[in-house]
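Working through the structure, step by step
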Amino acid sequence: MVRMYFIGDFMASNWKSRKVVIVGAGAVGSTFAYSLAQKGFADEIVLTDARLEYAEAQVLDLAHGLPFYPPIQIRVGGNEDYSDAQVVVITAGVKQSPGESRLELVKKNAAIIGTIMDEIVAQKSSAVVVVATNPVDILTHIALKRSGWPKGRVIGSGTVLDSARFRYLLSQHCQVDVGNVHAYILGEHGDSEFPAWSMTNIGGVAIDDYCHMCSKCDDWKTELEQIVRTVRDSAYHIINYKGATYFAIGMALVRIVGTILQDQHSILPVSTFLDGEYGIKDVCLGIPALVGQGGVHEIVVAQLTKEEMDALRRSAAALKKVFEQLQE
Ligand SMILES: NC(=O)c1ccc[n+]([C@@H]2O[C@H](COP(=O)([O-])OP(=O)(O)OC[C@H]3O[C@@H](n4cnc5c(N)ncnc54)[C@H](O)[C@@H]3O)[C@@H](O)[C@H]2O)c1
């Protein structure tokens, strides 16, 4: 006899197995939801926002695409949704007001992230928390401390976006498929970030060797320096013209969350807590880490050059200074 109910039972028992809650349904949160829904990595996407009607409108707009996505549920939710989520992505935050200092803005967003984290913990959630709100390294650290969870379970988007920008620009410059460009921007997601040239290769050939053999530009050292400056200024440039960046960060978040949901063991430069790795302690910053189910499994300790180690220490010091100012 054909058991017609089997598929129904199967779907019911698995329906919530890949649930992602997005806190903050603004430009980044909604673009992430849109990209994640199309990938088919999640069964359920729940959006929450301080502005309920805004979240409802975003969900309606997204849900009208249901006939065109892989099977998925998209809905508005609340704190109770944290309890059985596999991943909670925080994109909630406020923007800088006129006349407000950078530190004042950080304090406001730190308070928001702290409260959200308390609510996640109160729901006895077993999710991995991924923070995207800026300044992402500081807020990841705040969220981790507030949770009391193991360090790998609270991570930030780190320099995944910056590294994607770097790879894109290198691929354009070298006229090579971006999939063959392996490159990382490390440290703070911000002004003190730096390129790890010693880890950069094209098709397995170290970048210096590749540039020596390639004859497509006259002065490759100057060109590479310009690429790094462009990566660093990308966000300022885009925000100047259109007010926010959201497409590429949406995709970067899909990469991170997809890796967690699929236990993919990908090495990504997420923001994670350093506890002596690279000789650095008590700070979250973008560093290559093995990511899978449960979050960061381990930090990859690469053989950085002296210049790169100095840059990493400078970045850590800059972040620690802001973190300490927050405690005052
Ligand atoms: N990490 C990265 O690489 C990266 C890249 C781009 C943007 N960002 C950051 O992502 C954040 C969001 O950017 P955006 O463009 O989506 O901003 P946005 O203003 O469009 O969205 C933020 C949303 O958060 C909501 N919100 C505010 N306080 C809340 C609270 N307490 N609880 C729930 N929701 C709350 C707001 O109502 C708003 O809808 C910013 O901090 C931005 O700097 C990070």
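These notes cover the structure that comes with them. Everything numeric in this text was worked out from a predicted model, so none of it was measured.

1. Regarding the overall build of the chain
Looking only at helices and strands, one finds ten helices and 16 strands in the chain. Its C-alpha atoms give the chain a radius of gyration of 20 Å, near enough to 20 Å, the size a compact globule of 328 residues would have. Taken over the C-alpha atoms alone, the chain extends approximately 70 × 55 × 40 Å along its principal axes. Taking all 328 residues of the chain together, the buried fraction comes to 51%. For the chain, restricting intrachain contacts to residue pairs at least 6 apart in sequence, the fraction spanning at least 24 positions comes to 69%. Averaging the positions of the 30 positive and the 37 negative side-chain charges in the chain gives two centres separated by 2 Å.

2. Notes on the site of the ligand
If you check the shell around the ligand, you find 22 residues, and the closest are V28, D49, R51, N134 and S157. If the ligand stood free it would expose 860 Å²; the protein chains cover 83% of that surface. Among the residues forming the shell around the ligand, the class breakdown is ten nonpolar, nine polar and three charged.

3. Here's the deal with the packing of helix α4 (residues 102-122) against helix α5 (residues 136-147)
Two measures define how a pair of helices packs: the angle their axes make with one another and the distance between the axes. Between α4 and α5, the shortest axis-to-axis distance is 9 Å and the interhelical angle comes to 35°. Our pair here, α4 against α5, has a crossing hand that is right-handed. Contacts between α4 and α5 involve V106, N109, A110, I113, G114, T115, M117, D118 and V121 from the former and I138, L139, I142, A143, R146 and S147 from the latter. When grouped by side-chain class, the residues that make up the contact of α4 with α5 number nine nonpolar, four polar and two charged.

4. Observations concerning helix α3 (residues 52-63)
Under the 1.5 Å per step criterion, the end-to-end length of α3 is 16 Å for twelve residues, consistent within 8% with the ideal 16 Å. Residues of α3 that are buried sit in contact with α2 (27-39), β2 (44-48) and β3 (73-76).

5. Looking at the pairing of strand β1 (residues 19-23)
Along β1, five of the five residues are buried, which leaves the element largely enclosed by surrounding structure. Relative to β2, β1 is paired through five bridges, and the arrangement is parallel. Along β2, the bridge assignment pairs V21 with V46. Handedness of the crossover joining β1 and β2 through α2: right-handed.

6. A closer look at the pairing of β2
Along β2, five of the five residues are buried, which leaves the element largely enclosed by surrounding structure. Burial of β2 is two-sided: the residues E44, V46 and T48 facing one way and the residues I45 and L47 facing the other way are all buried. Sheet topology places β2 next to β3; four bridges connect them, and they run parallel. Looking at the pairing, V46 lines up with R75 of β3.

Rules of the game
- Residues numbered from 1 in each chain as written.
- Predicted model: local features only at pLDDT ≥ 70, side-chain atom pairs only at ≥ 80, totals over all residues.
- Heavy atoms only, no water.
- Helix = DSSP H or I, 4+ residues; strand = E, 2+ residues; numbered from the N terminus.
- Rg over C-alpha atoms; globule rule 2.2 N^0.38 Å.
- Buried < 20%, exposed > 50% of the residue type's maximum accessible area, 1.4 Å probe, protein only.
- Contact = heavy atoms within 4.5 Å.
- Lys, Arg positive; Asp, Glu negative; His and termini not counted.
- Charge placed at Lys NZ, Arg CZ, Asp CG, Glu CD.
- Near = heavy atom within 4 Å.
- Areas by Shrake-Rupley, 256 points an atom, 1.4 Å probe, with all protein chains shown as cover.
- Nonpolar A, V, L, I, M, F, W, Y, C, P; charged D, E, K, R; others polar.
- Axes fitted to C-alpha atoms, helices over the stretch in contact; angles between N-to-C directions.
- Left-handed = near helix turned anticlockwise from the far one by under 90°.
- Expected span 1.5 Å × (residues − 1).
- Pairing = 2+ DSSP bridges.
- Right-handed = clockwise from strand over helix to strand, strands pointing away.

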